[in-house]
Amino acid sequence: MLRRQLVLGLAAGAAGALLTSPALAEDTIKIGLIIPMTGQQASTGKQIEAAVKLYQAQHGTTVAGKKIEVILKDDGAVPDNTKRIAQELIVNDKVNFIAGFGITPTALAVAPLATQAKIPEIVMAAGTSIITERSPYIARTSFTLPQSSVIMADWALKNGIKKVVTLVSDYAPGADAEKSFSDRIKAAGGEIVAAIRVPLANPDFAPFLQRAADAKPDALFVFVPSGQGGTFVKQFVERGLDKAGVKLIGPGDVTDDDLLPTMGDAIIGAVTAHMYSASHPSQMNKDYVAAFEKANGFRPNFMSVGGYDGMHLIYEALKKTNGDTDGDKLMAAIKGMKWESPRGPISIDPDTRDIIQNIYIRKVEKVNGGLYNTEFQTFENVKDPGKAPK
Ligand code: PHB
């Protein structure tokens, strides 16, 4: 009881401190960037950090006459850490934005803090549909799982795939991917012969893949978060599913550009739906990939563009408010913003603050000796289909 009171008292104190909003006339604008630099999601942190640095190298560190300071913190993708770090950044460092968030639970953990402190929370990585509904101060520059999963279902149905096993990571974005894909397949007369969920932490896919193989589907629909595709594909091949003619489909997280170069030729032919490929053929993307690879020595993946575009959103919002950091003014500036990203044209839905973007169907091919997701069909300006109709 005593402990509970203490915890509640601390929480009330923190909430009180959060209500004192940052001074309006400061010369430095601070962005608290909270990403996983360690642990299983470290590839996401590495990609976003590199993209944020690239954005600042290309666009400078001054906007509307004010210095932009990024304070990077590693939360290891543990939601309790994220919350504590966000609280410290808001109360002690007086940040004007919080940004990053490598997985859904960490993005959700700080939503109440963004609301209390009235500062924008820019979600650069996490992909569960519900996130933007958790605070009016959240905007997203990443993607949602339904955005790509529904498009994947439509492509599968048109291409003679009727019998599917779904295999998803057992947490919110996996549930979103599974539901949006399966509902669409079933509505058109297709069949989900098994729906498999795999633990998020340290997954061993082998026993689950055996179950998938036994069901003899036309295709295996897979969602694993960025960073796990390498292990998944290795075990898919070890179990002989590629040779058994089971087609690999899903949102593009599984053929993530960060790991794709090391996946081996067995992954050639996998078809995925996603918002970014390092081989997207626009001039802007060619320049982005060249600059990114030059600075870092590795290929940018879809998480990197979430970070790069998140910085663009922050810079442009500040230009619109002429450096005013009032959270409500910044959110008004963010709503409806449109620009060209390395992934193609994107905008922020003024009603939901979620991203509207093209979803591309891609297949893994060998191009100039390297594995790439080659885009071959485009669905334009896709809104998140996971949102409840307003
Ligand atoms: C998420 O946790 O929302 C998430 C993480 C990695 C992904 C996709 C979604 O690749």
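For the structure itself, consult the block above.
Residues numbered from 1 in each chain as written. Predicted model: local features only at pLDDT ≥ 70, side-chain atom pairs only at ≥ 80, totals over all residues. Heavy atoms only, no water.

Peer 1: I tried to follow the sheet that holds strand β4 (residues 97-100) on my own but got confused; where do I start?
Peer 2: Paired through their backbone hydrogen bonds, the strands of a sheet run either parallel or antiparallel. Read from one edge of the open sheet, six strands run β2-β3-β1-β4-β5-β6, paired in mixed fashion. Edge positions in the sheet fall to β2 (62-63) and β6 (138-140), since each of these pairs with one other strand and no more. As defined by bridge partners, strand β1 (residues 28-35) adjoins β4 across four bridges and the pair is classed as parallel. In the strand pairing of β4, Gly32 is matched with Ile98. Against the sheet, helix α2 (residues 42-59) engages β1 and β3 (66-74), with an angle of about 160° to β1. (Pairing = 2+ DSSP bridges. Helix = DSSP H or I, 4+ residues; strand = E, 2+ residues; numbered from the N terminus. Contact = heavy atoms within 4.5 Å. Axes fitted to C-alpha atoms, helices over the stretch in contact; angles between N-to-C directions.)

Peer 1: Looking at this structure, I do not really get the pattern of salt bridges. What am I missing?
Peer 2: If charged atoms from side chains of opposite charge come close, those side chains can pair. With the rule as written, the count across this model stands at 18 salt bridges. One salt bridge in this structure joins Glu49 and Lys53, with 3.0 Å as the shortest N-O distance. Highlighted residues: Glu49 and Lys53, both in helix α2, separated by four residues, approximately one helical turn. For Lys53, a relative accessible area of 53% translates into the label exposed. Ionic pairing is found between Arg140 and Asp354, a salt bridge with its closest N-O pair at 2.8 Å. With a gap of 214 residues between them, Arg140 in strand β6 and Asp354 in the loop between β13 (344-348) and β14 (355-367) connect regions that are remote in the sequence. Accessibility expressed as a relative area gives 0% for Arg140, which makes it buried. Residue class for Asp354 comes out buried when judged on its relative accessible area of 1%. A network of salt bridges, in which partner residues are shared, links Arg140, Asp354, Asp384 and Lys387. (Salt bridge = Lys/Arg side-chain N within 4 Å of Asp/Glu carboxyl O. Buried < 20%, exposed > 50% of the residue type's maximum accessible area, 1.4 Å probe, protein only.)

Peer 1: Is there a simple way to explain the packing of aromatic side chains in this structure?
Peer 2: The description of two aromatic rings rests on the distance between their centres and on the angle between their planes. Applying the stated criterion across every chain, the model contains 10 aromatic pairs. Ring centres of Tyr55 and Tyr308 lie 5.2 Å apart, and the angle between their planes is 80°; on these two criteria the pair is classed as edge-to-face. Of the two residues, Tyr55 sits in helix α2 while Tyr308 sits in helix α11 (residues 302-320), which places them 253 residues apart along the sequence. In terms of burial, Tyr55 and Tyr308 fall into one category: buried. Here the aromatic cluster, defined as three or more aromatic residues joined through ring pairs, consists of Tyr55, Tyr288, Phe292, Phe298, Tyr308 and Tyr315. (Phe/Tyr/Trp six-rings, centres within 6.5 Å; stacked < 30°, edge-to-face > 60°.)

Peer 1: Explain the pairing of β13 here, please?
Peer 2: Each regular strand displays side chains that alternate between the two surfaces of the sheet. Most of β13 sits out of view: four of its five residues are buried. Pairing between strand β12 (residues 338-341) and β13: four bridges, direction antiparallel. Within β13, the residue paired with Trp339 across the bridge is Ile346. Linkage of β12 to β13, two consecutive antiparallel strands, is achieved through a turn of two residues. Bridging between β13 and β14 involves three bridges; their strand directions are antiparallel. Bridging from a neighbouring strand, Ile348 pairs with Ile355 of β14. Where β13 folds back on β14, the antiparallel hairpin that results is connected by six residues, among which Arg353 adopts a positive phi of roughly 60°.

Peer 1: Can you help me understand the site of the ligand in this one?
Peer 2: Taken together, 15 residues lie around the ligand, and Thr104, Gly127, Tyr171, Ser226 and Asp253 are the ones closest in. Here an oxygen atom of the ligand sits 2.7 Å away from a polar atom, N or O, in the side chain of Tyr171. A distance of 2.9 Å is found between an oxygen atom of the ligand and a backbone nitrogen or oxygen belonging to Ser226. Summarising the interface, the protein chains cover 100% of the accessible area of the ligand, which totals 280 Å² for the free molecule. Here the shell around the ligand is built from residues that sort into nine nonpolar, five polar and one charged. Each of two domains, domain 1 (28-143 + 283-353) and domain 2 (145-274 + 359-382), supplies a minimum of three residues to the shell around the ligand. (Near = heavy atom within 4 Å. Polar contact = N/O pair within 3.5 Å; in protein donor to acceptor, adjacent residues only side chain to side chain. Areas by Shrake-Rupley, 256 points an atom, 1.4 Å probe, with all protein chains shown as cover. Nonpolar A, V, L, I, M, F, W, Y, C, P; charged D, E, K, R; others polar. Domains from an automatic or database assignment.)

Peer 1: Please explain α11 as it appears in this structure.
Peer 2: Working note: α-helix, 3.6 residues per turn, so residues spaced by three or four point in the same direction. Helix length check: α11 (19 residues) gives 27 Å between terminal C-alpha atoms against 27 Å at 1.5 Å per residue, within 8%. Burial of α11 is extensive: 16 of the 19 residues sit out of reach of the surface. (Expected span 1.5 Å × (residues − 1).)

Peer 1: Which parts of the structure should I look at to understand the nonpolar core?
Peer 2: Where a protein is soluble and globular, its nonpolar side chains tend to be buried together. By size, the foremost hydrophobic cluster in this structure holds 90 residues, and its most contacted members are Ile122, Phe181, Ile249 and Tyr288. The element that contributes the greatest number of residues to this core is α11, accounting for 10 residues. Of the domains in this structure, domain 1 (28-143 + 283-353) and domain 2 (145-274 + 359-382) are the two that each give at least three residues to this core. Sequence-distant contacts of Phe181, defined by excluding residues within four places in its chain, comprise Ser149, Met152, Ala153, Val164, Thr166, Ile192, Phe221 and Ile249. Counting residues in hydrophobic clusters, the runner-up holds 25 residues, among them Leu167, Val224, Val246 and Ile267. (Core = buried A, V, L, I, M, F, W, Y, C linked by side-chain atoms within 4.5 Å.)

Peer 1: Would you explain empty space enclosed by the protein in this entry?
Peer 2: Vacant regions in the atomic arrangement are exposed by a probe of water-molecule size rolled over the atoms. Taken as a whole and judged by the stated rule, the model has two cavities of 30 Å³ or more. Its boundaries defined by the atoms lining it, the largest cavity holds a volume of some 110 Å³. Residue lining of the largest cavity: 17 residues in total, with Gly102, Tyr171, Phe223, Pro225 and Met303 positioned closest to the centre. Class assignment for the residues of the lining of the largest cavity results in 10 nonpolar, six polar and one charged. (1 Å grid on protein atoms, 1.4 Å probe; cavity = no way out; pocket = protein on both sides within 12 Å on 5 of 7 lines; lining within 4 Å. Points joined across faces, edges and corners; volume = space filled by probe spheres on them.)

Peer 1: Is there a simple way to think about the packing of α2 against helix α10 (residues 283-296) in this case?
Peer 2: When two helices pack together, their arrangement is captured by the angle between the axes and the distance separating the axes. One can describe the packing of α2 onto α10 by two numbers: an axis separation of 10 Å at closest approach and a directional angle of 110°. With respect to each other, α2 and α10 are oriented roughly perpendicular. Contacts between α2 and α10 involve Gln47, Ala50, Ala51, Leu54 and Gln58 from the former and Tyr288, Ala291, Phe292 and Asn296 from the latter. Here the contact of α2 with α10 is composed, by residue class, of six nonpolar, three polar and no charged. (Parallel < 35°, antiparallel > 145°, perpendicular 65-115°, else oblique.)

These figures come from the coordinates and say nothing about function on their own.
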